[in-house]
Amino acid sequence: MSSRRSGLQREVLSLYRRALRMVNTKPPAAQPKFRLFVRYSFKTQAAAVSPRDVSTIEHLLRRGRRQIEMYEDPKVRDCWVSSDMVQWGEKNKGKREGARDTASLRTSSTA
């Protein structure tokens, strides 16, 4: 892959970074859930959409911006994570994701 990115790629990466920064503003107990929600949303959407389908990507960017604006509100303190998301997170642990994140998700989703 070339080192130069298209404008659309830069927008997607910018939105992803913004979402990850939003996670850091949430209470420490809820951060693993928000982080999993962000990772799951981006990865599953990326897998479902062709890189050449520009109109769909632009639609998802608009929808993602609105959703992140909603989650950036300080009144939003927690988010819902499905069991599918938890299973996906266990299978797709990122380099920075620790075992404590998914362990805390398992205990909070069963409670």
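Preceding this section is the structure that the text describes.
Residues numbered from 1 in each chain as written. Predicted model: local features only at pLDDT ≥ 70, side-chain atom pairs only at ≥ 80, totals over all residues. Heavy atoms only, no water.

K.L.:
Which residues make up the overall build of the chain, and what values do they have?
P.N.:
Summing up its helical and strand segments, the chain has five helices and zero strands in all. Counting from the amino terminus, the chain carries its helices and strands in the arrangement α-α-α-α-α. Of all 111 residues assigned to the chain, the portion counted as buried reaches 32%. Accessible surface for the chain amounts to roughly 7,800 Å². Of this, 52% is attributable to carbon and sulfur atoms. (Helix = DSSP H or I, 4+ residues; strand = E, 2+ residues; numbered from the N terminus. Buried < 20%, exposed > 50% of the residue type's maximum accessible area, 1.4 Å probe, protein only. Areas by Shrake-Rupley, 256 points an atom, 1.4 Å probe, with all protein chains shown as cover.)

K.L.:
Tell me what's going on with the pattern of salt bridges, and back it up with residues and numbers.
P.N.:
Going through the model one piece at a time under the given rule, you end up with three salt bridges. Where Glu-11 meets Arg-65, a salt bridge forms, and the shortest distance between an N and an O atom there is 2.7 Å. You can see Glu-11 sitting in helix H1 (residues 7-23) and its partner Arg-65 sitting in helix H3 (residues 54-72), a full 54 residues away along the chain. Among the salt bridges present, the one from Glu-72 reaches Arg-18, with a minimum N-O distance of 3.0 Å. Here Glu-72 is found in helix H3, whereas its partner Arg-18 is found in helix H1, with 54 residues between them in sequence. (Salt bridge = Lys/Arg side-chain N within 4 Å of Asp/Glu carboxyl O.)

K.L.:
Describe the nonpolar core, with residues and values.
P.N.:
One finds Met-22, Phe-34, Leu-36, Tyr-71, Cys-79 and Val-81 to be the most contacted residues of the largest nonpolar core, which totals 22 residues. Residue assignment for this core shows that the elements contributing at least two residues are H1, helix H2 (31-48), H3 and helix H4 (83-91). Contact partners of Val-81, with chain neighbours within four places excluded, come to Lys-33, Leu-36 and Val-86. (Core = buried A, V, L, I, M, F, W, Y, C linked by side-chain atoms within 4.5 Å. Contact = heavy atoms within 4.5 Å.)

K.L.:
Account for the packing of H1 against H2, naming residues and giving values.
P.N.:
One can describe the packing of H1 onto H2 by two numbers: an axis separation of 9 Å at closest approach and a directional angle of 165°. Of the possible angle classes, the one that applies to H1 and H2 is roughly antiparallel. In this structure, the crossing between H1 and H2 has a hand that is right-handed. Residues Val-12, Leu-15, Tyr-16, Ala-19, Leu-20, Met-22 and Val-23 of H1 lie in contact with H2, whose contacting residues are Gln-31, Phe-34, Arg-35, Val-38, Arg-39 and Phe-42. (Axes fitted to C-alpha atoms, helices over the stretch in contact; angles between N-to-C directions. Parallel < 35°, antiparallel > 145°, perpendicular 65-115°, else oblique. Left-handed = near helix turned anticlockwise from the far one by under 90°.)

K.L.:
Pulling in residues and values, what's your account of H1?
P.N.:
The end-to-end C-alpha distance of H1, which contains 17 residues, comes to 25 Å, matching closely the 24 Å that a straight helix rising 1.5 Å per residue would cover. Listing the buried residues of H1 in full gives Leu-8, Leu-15, Ala-19, Met-22 and Val-23. Across the axial projection of H1, the buried residues extend over an arc of 110°, all falling on one side. Residues of H1 that are buried sit in contact with H2 and H3. (Expected span 1.5 Å × (residues − 1). Arc of directions from axis to C-beta.)

K.L.:
Lay out the packing of aromatic side chains with the relevant residues and their values.
P.N.:
Across all of its chains, the model carries four aromatic pairs by this definition. Note on Phe-34 and Tyr-71: the rings are 5.9 Å apart at their centroids and 85° apart in plane angle, and the pair reads as edge-to-face. Taken as a pair, Phe-34 in helix H2 and Tyr-71 in helix H3 lie far apart in primary sequence, 37 residues in all. Aromatic side chains Tyr-40 and Trp-88 sit 5.5 Å apart centroid to centroid with 85° between the ring planes, which places their arrangement in the edge-to-face category. Residue Tyr-40 is found in helix H2, and its partner Trp-88 is found in helix H4; the two are separated by 48 residues along the sequence. Put simply, the rings of Phe-34, Phe-37 and Tyr-71 touch in pairs and so form one group of aromatic residues. Looking at Lys-26, its charged tip hangs above the ring of Phe-34, at a distance of 5.7 Å from the centre. (Phe/Tyr/Trp six-rings, centres within 6.5 Å; stacked < 30°, edge-to-face > 60°. Lys NZ or Arg CZ within 6 Å of the ring centre and 35° of its normal.)

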